[in-house]
Amino acid sequence: MNNNAIGVFDSGVGGLTCVSELQKILPNEDIIYLGDTARIPYGTRSRETVFEYARQDVAFFREHNVKMIIVACGTVSAVMMTYPIFDDDELASGVLYPAVWAACNATKNKRIGVIATSASIKSGGYGKAIHEIIPDAKLVGKACPMFVPLVENGYTDRNNEVAQIIARDYLQVMIDEDVDTLIMGCTHYPLLKDIIGDILGDKVTLISPGAEAAKYALRTLSERNMLSNSEKNGRLELYCTDSVELFTENVKAFLGSDINGTIYRTVLK
Ligand code: DGL
């Protein structure tokens, strides 16, 4: 048993896709969330810069003494395959492997699509992980740099015409290549899942990396006997690195107006 909080971070609100799943499947766990809103987006930056930001994100959680860190950012998860950011004795997970395991389980025709930030696609990390499991899988990768600003600005409604036009353009290649499984490889993208689902149809399985990482955390903590024994609802503490006001609006749009948690501003070092 371990009653310390679980730490979850992303560059912005995307990692809340992981938090909402954690709250569903592990309702008694305390969660500390960090959105590095002053430096979003990560996905258009060099690997060296993303690594440096991620190092500071991890240092924040070391100070808070969390029992597990979930990197709920596809970009950092991809970059850390070549630039490790954790010590061997730290319990941590990215979103890339949990998403890839789920996709490899779901695909029938071995044609898997990955949409993600430019940095994630350039890293080649998704392809490497998929081919470790299904060596002859066909991977169709597509960077979708306009999706993060759409999400951060609330353009997520299924009837939003701007988001629909952009999504159709990005996703046409998935239709042409007949993928049957699509990894929404940036944790912001599941917020666009209604639009993505409408374009691809229900024959394509959509994988949310944040949700898969939450399920992985449940398995890992329970195997190690590290789940909380609290019988109360877990506490949610949220941190951002830019305006609390702006972040609060975004979080509310995502988790609902009754956040049931406190939002603070922090400075990373
Ligand atoms: N949510 C993040 C990801 O999964 C990133 C968005 C960004 O900062 O570019 O990649």
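Now for a description of the structure that goes with this document.

Each value, and the rule that gives it
- Residues numbered from 1 in each chain as written.
- Predicted model: local features only at pLDDT ≥ 70, side-chain atom pairs only at ≥ 80, totals over all residues.
- Heavy atoms only, no water.
- Core = buried A, V, L, I, M, F, W, Y, C linked by side-chain atoms within 4.5 Å.
- Buried < 20%, exposed > 50% of the residue type's maximum accessible area, 1.4 Å probe, protein only.
- Helix = DSSP H or I, 4+ residues; strand = E, 2+ residues; numbered from the N terminus.
- Contact = heavy atoms within 4.5 Å.
- Phe/Tyr/Trp six-rings, centres within 6.5 Å; stacked < 30°, edge-to-face > 60°.
- Pairing = 2+ DSSP bridges.
- Near = heavy atom within 4 Å.
- Polar contact = N/O pair within 3.5 Å; in protein donor to acceptor, adjacent residues only side chain to side chain.
- Areas by Shrake-Rupley, 256 points an atom, 1.4 Å probe, with all protein chains shown as cover.

### Thoughts on the nonpolar core
In this structure, Val 8, Leu 22, Ile 115, Phe 147, Leu 182, Ile 196 and Leu 238 are the most contacted members of the largest nonpolar core, which totals 51 residues. Counting residues per element, this core draws most heavily on helix H8 (residues 161-176), at six residues. With near-sequence residues (within four places) excluded, Val 8 lies in contact with Gly 15, Cys 18, Val 19, Leu 22, Ile 31, Ile 32, Tyr 33, Leu 34, Phe 61, Ile 70 and Ala 72. Grouped together as the second largest cluster of nonpolar side chains are 22 residues, Ala 54, Ile 69, Tyr 239 and Leu 268 included.

### Description of the environment of Gly 125
If you trace the backbone, Gly 125 turns up in helix H6 (residues 125-133). Taking the relative accessible area as the measure of exposure, Gly 125 reaches 3% and is therefore buried. For Gly 125 and Met 80, which are 45 residues apart along the polypeptide, the C-alpha to C-alpha distance reads 9.3 Å. In this structure, Gly 125 is in contact with Met 81, Leu 96 and Ser 120, ignoring residues within four places of it in sequence.

### Side note on the packing of aromatic side chains
All chains considered together, the criterion is met by ten aromatic pairs. Ring centres of Tyr 97 and Trp 101 lie 6.0 Å apart, and the angle between their planes is 40 degrees; this geometry places the pair in the tilted category. Taken together, the residues Tyr 97 and Trp 101, both in helix H4 (residues 96-106) and four residues apart, mark about one turn of the helix. Under the relative-accessibility criterion, Tyr 97 is labelled partly exposed at 27%.

### Re the sheet that holds strand S2 (residues 31-35)
Judged by pairing direction, the sheet is parallel, and its six strands sit side by side in the order S4-S3-S1-S2-S9-S10 without closing on themselves. Each of the sheet's edge strands pairs with one partner strand only, and the pair in question is strand S4 (92-93) and strand S10 (261-265). Taken together, the five bridges between strand S9 (residues 236-240) and S10 define a ladder with parallel strand orientation. Within S10, the residue paired with Leu 238 across the bridge is Ile 263.

### Some points on the site of the ligand
In the neighbourhood of the ligand, 14 residues make up the surrounding shell, with Ser 11, Tyr 42, Gly 74, Thr 75 and His 188 lying closest. Asp 10 places a side-chain nitrogen or oxygen 2.9 Å from a nitrogen atom of the ligand. Contact between the ligand and Gly 74: an oxygen atom at 2.5 Å from a main-chain N or O atom of the residue. Burial of the ligand by the surrounding chains reaches 99%, relative to a free accessible area of 290 Å².

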